[in-house]
Every structure is written in C-alpha cells, then in structure tokens.
Amino acid sequence: MPVLARSDKSILGRWWWTVDRWTLAALVVLIGFGILLIQAASPAVAVKDKLDNFYFVERHLIMLVPAVLIIFGISLLQPRTVRWLAACLLPIFMLLLVATLFWGVEIKGATRWLHAPGISVQPSEFVKPLFAVTAAWLFSRQCERRGFPALSVNIILYMMIVICLLMQPDIGMTFLVSAMWFGQFFLAGLPLALVGLCMGAGIGGLFLAYYTFPHFTSRVDKFLTHGGDTYQVDRALDAFTNGGLFGTGPGEGTVKMSIPDAHADFVFAVAGEELGLIWCLIIVALFAFIVLRGFWRLQHENNLFIVLAVSGLLIEFGLQAIINMASTLHLMPAKGMTLPFISYGGSSLWSLALGMGMLLALTRKRYGLNEI
Amino acid sequence: MTNKRRNSTQQPSLPGLFAPIAKSRRLATPSEQALDVARVRIVAAIIIFALAYLVIAGRLADLTLMNDNNSDALLARPAGNDSVASRADIIDRNGTVLATSLPTISLCADARNILNADEAEQKLLNVLPDLDVKRLHDDLHGAKHCAIIKRHLTPKQYYAVNALGIAGLEFRPDERRIYPAGNITSHVIGFTDIDNNGLAGMEKELDARLEENQEPVTLALDLRLQTILHNELSATIDEFHALGAAGLVMDISTGEILAMVSLPDFDPQHPGDGDDEAMFNRDTLGVYEMGSTFKIFNTAMVLDSGVVRVSDQFDTVHPIEIGSQTIRDFEAEKRWLNVAEIFTHSSNIGSAHMAERIGGARQRAFLSRLGLTEKAPIELPEVGQPLVPAAKNWYDATTMTVSFGHGMAVSPVQLASAVATIVNDGVTVRPTLFLHADKSTNTEHIISPHTAAVMRGLMRLVVTRGTAKGADVEGYMMGGKTGTADKIAHGHYDPHARLSSFVGVFPLNAPRYLVFAMVDDPKGNAKTKGYATGGWVAAPAVSRVVSQIGPMLNVPPLEPSMEAIAEHQVLKPLGTEVLDGIQIDEGSNYASVESDSVQ
C-alpha cells in the first residue's frame, strides 16, 4: 500500500483515511489463514475425489481475486450507493432463489444450487447480506415514518425468503437470516414483550423444524444422544485432542484424511490439529474482534440505517463463524456452514466479500453527516 | 445531533409499534429515539457475542489440553507398545517358560487412505510374496476401516513394509503365543488361535485366567522330566514300530503330574498341521482296556476284604468257560498258584477266580472308590469318560474279565492315580497339573496300610522275579505291574494288536514316584524274541526313564548293602511262607511274561 497523505483527496486517498483499517487488517489475516489451511487440508480431499492435488488450492486462490476486488470495490462506495445497490440486487437474487426451487441441483437432499455453464451459484448466500442492508433500510424508514409501508414490505420480504429457504430446505440459512432480521428488529426498538414473543416463536420454530425435517431431526438426535453415525464429529474432536497446544504443524495432521469436508465445513478441525490451540484462539479472537469492534463503533454512529445495516451484517458474519466452530467443537448439532473467509467455497466467499465490502463502506468515517 | 434535533420537523407522534419507547423521549425525533434504544440494545448484542466466543475458546482449551479420552484412534502407535494386555505365561515347576506371549506387529490397511491401491498392491506383494493376491486386492480396494493384511510380521518384514512408505498401511501392536518347548509339551499346554483364544490343553482350561491375570501360571510339570519321558517314548515307538505311546510321571505324595506325554504329538506353533491322531491326548482323553495292570486293583481288593490271604491257592490249570467266552492263560503254569504267584505271573484264570470270591457288586464299588468309574479330575478340557458297564449289566463274566483289565476302559491318568492310591497306603491320590494344588484333607484308607504294604511287596516281586524284569533299576527299588491288552479291531479282540504297558513305582521302601508308559500296537523284534508285551516294551522304557529322572528327583540310588535291607523291608509283609513257596522258573521268566487273552 503506497503511503497516502492525509491531504490526498483522491478516491483511494479518501478511502484509506476513512475506512476501518483494523477490521480490514483482521479480514486480510483471516484470508491468509484460509490460504494456509486450504493448502494443508484440501489435497487429501482432492485426491480422494480423484482430482488434481492442488485443485481446491487453485480454485480457492482464483476465487479470492474477485472476492478481494469485491471487498475493495464495494467499500469504495458511498452508503447511499450501497443501499441502492442492495435494494436493486436483492430482487435479482431472490428471483434466482425462487429459480432454485425449479431448476436447482439436488445435493445431499437439498436444492440450493443453480448450475450455469462454467459456474455454480448458491443464491441464498447472496440474498443474506443484501437482505441485511435492505431490511435495515426498511426498518430505518419505518422509524422515520415517511408514509411508506416499510414494515409490511419488510415482513413480506422476510417471509418470502424464509419460505424459499425452508423449501430448499436450508434450516441453517433460515436460522441465520431470521436471527439477523429479528436482531435488527430488536435494535430498531421492538418492544420487549414482543422480543420475548419472538424468541418463543423462534424456539417453537426450531421444535417445528425438528418434527418436520427428517434431516434436521437426525442431526439433533445425534448431538443429544451421541448415537448413530457421528464419525465426522468424532474425528474432528480427535483432531483437536491430537493437536494440543501447539499442533502437529501445517500439513502434518491426519484428520483431513478421514473427513470428507475437511476443506470446507470442517476446516476448523484441521486448524485445531495442525495449528494447535494457540493459533485457533487467534482465529476465534479475529472473528470476535471484527464483530465486537463493529458493534462498539456503532455506539458513536448517528444514522439508524447504518446502525441496523452494520448490525445485520455483523450478526450474519459473527453468527456464521460461531455456528461453524461450535458444530466442529460439538457444542451444537452439526450444521453445514462455512467458516467465513477460511473455508473453501465460491458462493460463500463472494457473498461474504459482498457483505464485508458493504460493512466497510458503511463504517467509513463520515464527517458532520447524519443523513445519507 | 442537537442541532438536528432542534431543526426537526418530524411529527412527535410515533408508529404504534414503537410507542412505549417514544414516551420517555418526547423531544427526540423517532429516528433519534430509535438510535438511543439501539445503542442500549447493542450492548446486549455485544455481551451475547462476547459470551459465545468465550464459550468457543473455553471449549477449544478443554478439548486440546484436558480431554484425552478420544485420543486412542489417532495416537495409536505401532511397535513396542506395551499397552496391549499380554496373556500370562505358563511356566513349569522350576520357572522354565512353557508358553509366553511375544509382542509383534500386524499390518492392516485403511483403503480410504491409500492413494494408489494398484501400486500399493504390487509393492506389498514384492515384500510379502505369500499374501493371497485376491484377498489383498479386495482389502486395498475396499472401504474397510482396518483390513488385516498380515498378522505377526517378522521384524524384517515390518522394516520392509515400513520402508515402502505407503500411506494408509498401518501397523497394529499385536501379540503372538510362543511355546519354547514345542512338541514336548504340546498336549498339556495346548494352543491358541491367532487371536490368542485358548483352543486346547491348559490354554483352553485357563483361558480366562491367562487373559485377566498377568501373573504366570505355575504347573506341576518339570520340563526336564517331560523331555526325558518324551525322548524315551519316542525311542520306544521307533524301536517297536508302534502307532503311538502315552506316559506320565506322578508324585504319589501330592498327586502332582511331573511329566505327561502323548505320542504322536503336534507343534503347538502350527497346530493346524497335526492330524486327528496327533491332536489326541492319550493320557487323559483316551480310554483303554488296560489289561493286567488292573490286577493291582483286583489283588488289593481281594486281600483287603480278608476273604483271601496271599498264600491262598487257586486253580489256574483249567480255562474258564463263561457264556461264549473262554478265559485262558497265555502260558499256563499247569498247577494251582497262590495269590503272589498269580500276580507275579499275571494269571488271568487265577485273577478271575479271586474276583469270583468277592462278587461283582463289591468289585464295582471298589473300582468306583479308586476313581476308575468317573472322569479323571484332571485340569484339562480333554478328559475322557471311562467306559464302565452299568451296575445292572455287571454280569459274572464282567466280574471275571474286569479282574484282569478287560471289559472296562479307563484313561492312563485314572489308572496312574488309582495305582498311586493303592501304593499310598490306600489314601486317595488326586491327579493335578498344578504345583502345590490344594491337598485333599481326606485321610480315608481305601485299603488298609497292611494290604498296601503287601501290594508293594507283590509289585516288587513282579520286577525281581516276574514279568517285568526289564524294569529294574539298580538301587531304585522299582516295583510295578505289566499289562498287555488285546485291542479291539473290527468288533473283536485282535491278538496281534495290543496295548503294552507298565506302571512302575519307586523307591518301593518309601514310595514317592509313579512312572507309567503305554505303547500302542508295538511289533516284536529280534531283540525281544518277537515279543511285544508290556514286560518287553514298556517296562524297559520306564526303567530308562527312572534311571535318568531319579537323580533329578533327589532320589539317590541305594548302596547294594542298603538295597538288600530295603528289599527285605518291602518283601517282609508277604510272609516267609509265600516267599519261600514261590517257584521261580528262571528260564521261563521272559517267555511267560504276559497272559492276557479273552477269546
């Protein structure tokens, strides 16, 4: 990064002095961990799938280029532009989301992916950050009361997305989007009585899902009784035990040989075995830093839309990391969710880049402005 | 912000949903009031997220530092791992190892981790050419977690396979049972399968004990005696072209079996190579019509009853016709013989007449008390049920034939124990393979000490003047009784196939050890003038055994002068009348040896 003078008024200069450089640095370190771990974990998986040793490594690096460009490019935008961008892109991806129900490809019992020549897309991943910003706009409009039926539109949007997700089905994503949306609603001043009601409804929804989706039922049963096939989780726990304080060293682990998803959902187990407790705690600390710092900085933010949008993005990002790590550590039922910026996976990586790009754009220092 | 608030033109009334919050902040715009609420509530979000990440960090530390439960799978290390519970050793009375466990390495394959199964297959076949190609192929291309490729690699093979550097091949600590004495102890020790489960002998009898307790099991066996007995019986089989042999050495005072050999035998390291004959324990599982050695019991019974004295004479001139059978003597003396002569010359006719005086019911009860009608109480899984006619089928003919050892079949270990009991003043001797086994507190005398003394005298006469002159060992005061029984072949007794045996006891002046030998179907040779009877075949074998083991058992040979005194002591209970009356036909001693035949 060339040294930019504070007086530099170019786009790049303004960006550098206003962007949240600490968060940016944390993201860069996370991406660095991702590059390290994909090299350690994925060759074993690639060989098993009869692919070239470095197939996943190459793909990951190739996909990182657009991801970095997305983060940087979006973070250059003004909050107003970000808002419009989200509001415009959301309908497109929602249409794609609906399309998955008709033309989607079924993988392991769920239709989440659209295959086009040369590229596969999981629209729900992109809906997630776009909806966070759009919903924040609608909540803030509701509070500012400008005669627009913002709440109704918001609720309808939420219901449409949740129904599409449940039809795929994708309980994890439903949970994530719901947590984000109700989190925003909570911050936007939802009365405490209703907060209790919503939490009750959420718990009820989980019970309903338990009795409705066989896949979800078996995952929860496995967690509660530790019966059935808990092979992946058991090996993941072995990995952490084997890793100990300092780990076996990058590339020296064995858990990746036995877990099919070692490069994706279970990459944290590889980190546990090969990097050890200390580096794993650093990874946890990086996620905690980004989320907690983000929330903390909102204390000084005067724009409700930005508070809600950033909160929504942080909830999605932070919760996704928590769900991934907690699943791997057997603190909750196994849930297929990537570890942000570390796991392999194109759609996930780009949607996270989109979300973090918007987060950086929205959290840039603005002087003397409340309206955007 | 304050500036903004003042200039606000917004309506003070609020959307219904947010009314409760707004009431407390009448001056602020709805947006600003919402912001204030949001700031407070963000603290809640911060706390929730911070707690969640703390829980994850705590769980990480817990798993990596404190949890060592699930580590076995990943931490399994090959070679020299002492974590494998080892099967206990079996040792003899002197501490010599008879069975032990050796840690070895076994090779298994996790097919899912093998990168190039075809290459691995080829490389493994180069190093371990005796592997089954098809099975290896299936194991390497399958999906098994751990397919056993080969058990018990030698260190050389282990090194070679390790040097191949094939991922997915794993070495498991394993254990192999080793029998240092090999064939010599095969039937007593038995053997295990490849997973160290006892399948025969002591290995089967003590299977649970050997698995649970690491302490070695000490047997009564003495490997030195076992080896001598094994050698002599083998030599006897070779000399007489016999089918097999059985023998044992017993400590009369404790019932401990110091040696027990059954031939042919097998290599316990490769038990699968042995045929049925080799696997068969003739000492405990086999039951045989023992022939004239049973006259020890018959004579003891008759004398102890008080009905007959040693000097009483019986008709041995006329063969006995009973039912369809004729009892005759092999080489009759053509005169009436007294009890001592009947025993010494092994007259069947005389024995039958003696038994007649007692009757079948008392005879059967007596044999029962000697343990001859029940399975031997020996600590092996292979114990044969004696073949004994039921009481209601015990006819007069049975009484007569049993008197000289036909019509019922017992195992050698039963016979030895019963003979030991007779010699041991009639106090029951229970056979045992364990050192210092709990001694029975039973002091009941099955026969009186006086009868026992007479029997010892008679057994001495058999060796000095009777059918077993070949058994004498100078200075050891040997005594005993020969037996030659026709074997049953094709439903009737075959006079040309027999079991020749000898049961010897020494030193008779203070009886301590019993040596038994039985040879299956020996063929006479020039040296034995064509005879293959117990006196010609088994007695010399016992003699050779005793002359070798006597010094090991701390039984010093007696000086000739002492021997004469001991001889006098042993023979004295027979009485001068009997001793003087015995007519010895020196020339016919060996010729008239055995006389067991039932036609």
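Bear in mind the structure is a predicted one, so any value in this text is a computation, not a measurement.

Trainee: Please set out the overall build of chain A residue by residue, giving values where relevant.
Mentor: A count of helical and extended segments in chain A gives 15 helices and three strands. Put simply, of all contacts in chain A between residues at least 6 apart along the chain, 72% involve residues at least 24 apart. In the structure as shown, chain A presents an accessible area of about 15500 Å², 71% of it carried by carbon and sulfur atoms.

Trainee: Mind laying out the nonpolar core, listing which residues take part and the relevant values?
Mentor: Within the largest apolar cluster, 126 residues are counted, with the highest numbers of intra-cluster contacts made by Leu219, Phe294, Phe297, Val419, Phe506 and Leu514 of chain B. Look past the residues within four positions of Phe506 of chain B in its chain and what remains in contact with it is Tyr476, Met477, Met478, Pro511, Arg512, Tyr513, Val515, Val546, Ile549, Gly550, Leu553 and Val555 of chain B. Ranked by size, the runner-up nonpolar core spans 123 residues in total, among them Ala188, Phe266, Met356 and Leu362 of chain A.

Trainee: Describe the pairing of strand E2 (residues 97-109) of chain B, with residues and values.
Mentor: All names here are of chain B. Of all 13 residues in E2, ten are buried; the element is thus mostly enclosed. Where strand E1 (residues 90-91) folds back on E2, the antiparallel hairpin that results is connected by five residues, among which Gly95 adopts a positive phi of roughly 90°. The pairing of E2 with strand E4 (residues 169-178) spans ten bridges and is antiparallel. Residue Thr104 lies in a different strand from E4, and its bridge partner there is Asp174. Bridge analysis of E2 against strand E3 (residues 147-153) gives four bridges, and the strand direction is antiparallel. The partner of Leu107 across the bridge, within E3, is Lys150.

Trainee: Give a detailed account of the packing of aromatic side chains, specifying residues and quantitative values.
Mentor: Residue and element names in this part refer to chain A. Under the counting rule described, the total for this entry stands at 27 aromatic pairs over all chains. Ring centres of Trp22 and Phe289 lie 6.4 Å apart, and the angle between their planes is 70°; this geometry places the pair in the edge-to-face category. Highlighted residues: Trp22 in helix H2 (residues 21-48) and Phe289 in helix H13 (residues 276-298), separated in sequence by 267 residues. Between the aromatic rings of Tyr55 and Phe56, the centroid separation amounts to 5.2 Å while the plane-to-plane angle is 80°, which identifies the pairing as edge-to-face. Residue Tyr55 is classed as partly exposed on the basis of its relative accessible area, which comes to 29%. Look at Phe56 and you get buried, because its relative accessible area is 7%.

Trainee: Can you break down the confidence of the model for chain B residue by residue, with the values?
Mentor: All names here are of chain B. Chain-level pLDDT for chain B is 83 on average; 87% of the residues reach the 70-or-more range. This model gives residues 1-26 a pLDDT under 50, and the stretch forms 36 contacts once residues within four places in sequence are excluded. Throughout residues 69-83 the model reports pLDDT below 50, and contacts reaching past four residues in sequence, or to other chains, amount to 19 contacts. Scored as a whole, the predicted complex attains pTM 0.57, and scored at its interfaces, ipTM 0.92.

Trainee: Please give an account of the side chain of Arg39 of chain B that cites residues and values.
Mentor: Checked against the element boundaries, Arg39 of chain B lands in helix H3 (residues 30-66). Here Gln299 of chain A takes part through its backbone oxygen, which lies 2.8 Å from a polar atom of the side chain of Arg39 of chain B.

Trainee: Would you mind going over the pattern of salt bridges in detail, with residue names and values included?
Mentor: Pairing between side chains becomes possible if they bear opposite charge and their charged atoms approach one another. Residues and elements named next belong to chain B. Overall, the coordinates contain 32 salt bridges over all chains when judged by the stated rule. Close ionic contact of Asp195 with Arg151 constitutes a salt bridge, the shortest N to O distance being 2.8 Å. Here Arg151 lies in strand E3 and Asp195 lies in the loop between strand E5 (191-192) and strand E6 (198-200), a separation of 44 residues in the sequence. A salt bridge links Lys523 to Asp521; its shortest N-O distance comes to 3.5 Å. On the basis of relative accessible area, Lys523 is assigned to the partly exposed category, the value being 36%. Assessed through its relative accessible area of 12%, Asp521 is described here as buried.

Trainee: Residues and numbers for the interface of chain B and chain A, please.
Mentor: Tallying the contact residues gives 46 residues for chain B and 62 residues for chain A. Both faces considered, chain B and chain A share a buried interface measuring about 4600 Å² in area, 72% of it formed by carbon and sulfur atoms. On inspection of chain B and its partner chain A, the count reaches zero salt bridges. Linking chain B with chain A are seven residue pairs in polar contact (both at pLDDT 80 or more). Taken together, the elements giving at least two residues each to the side of chain B that touches chain A come down to H3 and helix H4 (72-75) of chain B. A per-element tally of the side of chain B that touches chain A places H3 of chain B first, with 26 residues. Here the residues of the side of chain B that touches chain A sort into 30 nonpolar, ten polar and six charged.

Trainee: So what's going on with the sheet that holds strand E1 (residues 105-107) of chain A? Residues and values would help.
Mentor: Residues and elements named next belong to chain A. The three strands are arranged E1-E2-E3 in an open sheet whose pairing can be described as antiparallel. Unpaired on one side and paired on the other, E1 and strand E3 (119-121) mark the two borders of the sheet. Pairs of neighbouring strands in the sheet enclose a mean axial angle of 40°, with direction left out of account. Strand direction decides the pairing type here: E1 and strand E2 (residues 110-116), joined by three bridges, are antiparallel.

Trainee: How would you summarise the pairing of strand E8 (residues 244-251) of chain B if you had to cite specific residues and measurements?
Mentor: Residues and elements named next belong to chain B. Counting buried positions along E8 yields eight of eight residues, so the element is predominantly enclosed. Here E8 shows no split at all, with Gly244, Ala246, Leu248 and Met250 on one side and Ala245, Gly247, Val249 and Asp251 on the other all buried. In terms of strand pairing, E8 meets strand E16 (residues 513-520) through eight bridges, oriented antiparallel. In the strand pairing of E16, Val249 is matched with Val515. Hairpin connection between E8 and strand E9 (residues 257-263): a loop of five residues separates the two successive antiparallel strands, and Gly255 in this loop has a positive phi of roughly 80°.

Trainee: Which residues make up the environment of Trp137 of chain A, and what values go with them?
Mentor: Residue and element names in this part refer to chain A. For Trp137, the position within the fold is in helix H5 (residues 123-144). Residues Trp137 and Ala309, 172 residues apart in the sequence, show an inter-C-alpha distance of 7.3 Å. Those residues within four positions of Trp137 in sequence are excluded, and the remaining contacts are Arg83, Trp84, Ala87 and Phe305.

The rules behind the values
Residues numbered from 1 in each chain as written. Chains lettered and ligands numbered in written order. Predicted model: local features only at pLDDT ≥ 70, side-chain atom pairs only at ≥ 80, totals over all residues. Heavy atoms only, no water. Helix = DSSP H or I, 4+ residues; strand = E, 2+ residues; numbered from the N terminus. Contact = heavy atoms within 4.5 Å. Areas by Shrake-Rupley, 256 points an atom, 1.4 Å probe, with all protein chains shown as cover. Core = buried A, V, L, I, M, F, W, Y, C linked by side-chain atoms within 4.5 Å. Buried < 20%, exposed > 50% of the residue type's maximum accessible area, 1.4 Å probe, protein only. Pairing = 2+ DSSP bridges. Phe/Tyr/Trp six-rings, centres within 6.5 Å; stacked < 30°, edge-to-face > 60°. pLDDT = per-residue confidence, 0-100. Polar contact = N/O pair within 3.5 Å; in protein donor to acceptor, adjacent residues only side chain to side chain. Salt bridge = Lys/Arg side-chain N within 4 Å of Asp/Glu carboxyl O. Buried area = accessible area lost by both parts, 1.4 Å probe. Nonpolar A, V, L, I, M, F, W, Y, C, P; charged D, E, K, R; others polar. Axes fitted to C-alpha atoms, helices over the stretch in contact; angles between N-to-C directions.

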